[in-house]
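Survey of secondary and tertiary structure
The residues making up each chain are set out below.
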Amino acid sequence: QVQLSESGGGSVQAGASLRLSCQCAISGGTFTGYIMGWFRQAPGKEREFVAAVSWSSGGTAYADPVKGRFTISRDDANNTVYLQMNDLEPQGAAVYYCGARSGLWNPAPAAYPHWGQGTQVAVSL
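Overview of the structure. Remember, predicted model here, so these are calculated numbers, not experimental data.

A separate point is the nonpolar core. Considering soluble globular proteins, one finds that nonpolar side chains tend to be buried as a cluster. Counting 35 residues, the largest nonpolar core has Met-36, Trp-38, Val-81, Leu-83, Met-85 and Tyr-96 as the members making the most contacts within it. At the level of elements, strand S1 (2–7), strand S3 (18–26), strand S4 (34–41), strand S5 (48–54), strand S7 (70–75), strand S8 (80–85), strand S9 (94–102) and strand S11 (119–124) are the ones that each hand at least two residues to this core. Those residues in contact with Met-85 that sit more than four places away from it in its chain are Ala-16, Ser-17, Leu-18, Leu-20, Arg-69, Phe-70, Tyr-96 and Val-121.

Each aromatic ring pair is specified by the distance between its two centres and by the angle formed by the two planes. Taken as a whole, this structure holds seven aromatic pairs when the rule is applied. Ring geometry for Phe-39 and Phe-49: centres 5.8 Å apart, planes at 70 degrees, overall edge-to-face. Residue Phe-39 is found in strand S4, and its partner Phe-49 is found in strand S5; the two are separated by ten residues along the sequence. Each member of the pair Phe-39 and Phe-49 is classed as buried. We note Arg-19 situated over the ring of Tyr-82; from NZ or CZ to the ring centre the distance is 4.1 Å. When the ring centre of Trp-115 is taken as origin, the NZ or CZ atom of Arg-47, which lies over that ring, is 4.5 Å away.

What counts and how
Residues numbered from 1 in each chain as written. Predicted model: local features only at pLDDT ≥ 70, side-chain atom pairs only at ≥ 80, totals over all residues. Heavy atoms only, no water. Core = buried A, V, L, I, M, F, W, Y, C linked by side-chain atoms within 4.5 Å. Buried < 20%, exposed > 50% of the residue type's maximum accessible area, 1.4 Å probe, protein only. Helix = DSSP H or I, 4+ residues; strand = E, 2+ residues; numbered from the N terminus. Contact = heavy atoms within 4.5 Å. Phe/Tyr/Trp six-rings, centres within 6.5 Å; stacked < 30°, edge-to-face > 60°. Lys NZ or Arg CZ within 6 Å of the ring centre and 35° of its normal.

So, to be careful, I would describe these as geometric facts and stop short of saying anything about function.
Shown next as structure tokens:
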């Protein structure tokens, strides 16, 4: 069983930075072979891919709107995945979710069976 818990959201002004954390737990195994993703969902919109990291290789992928501003990373020792968000923009305001899937890279939210409860990010001008 996989359990994910996000934290680190808040209200900031445009141009500020936030670091989101996803505390990960798995019973009876490890996250080897898992892809860990960050997604976001704004009111009235569908959940969208933000970034992902391979737990095994550390390889990363990003959505075009966040390239160069967001950085995803994982901490093996603490079973935590981070999303460092710099130069936040108002259009980045959303609930941010951590997702996990076993297998190959896939940016589609439907491909992720495991989710956290989300953490709210608000960005004002």
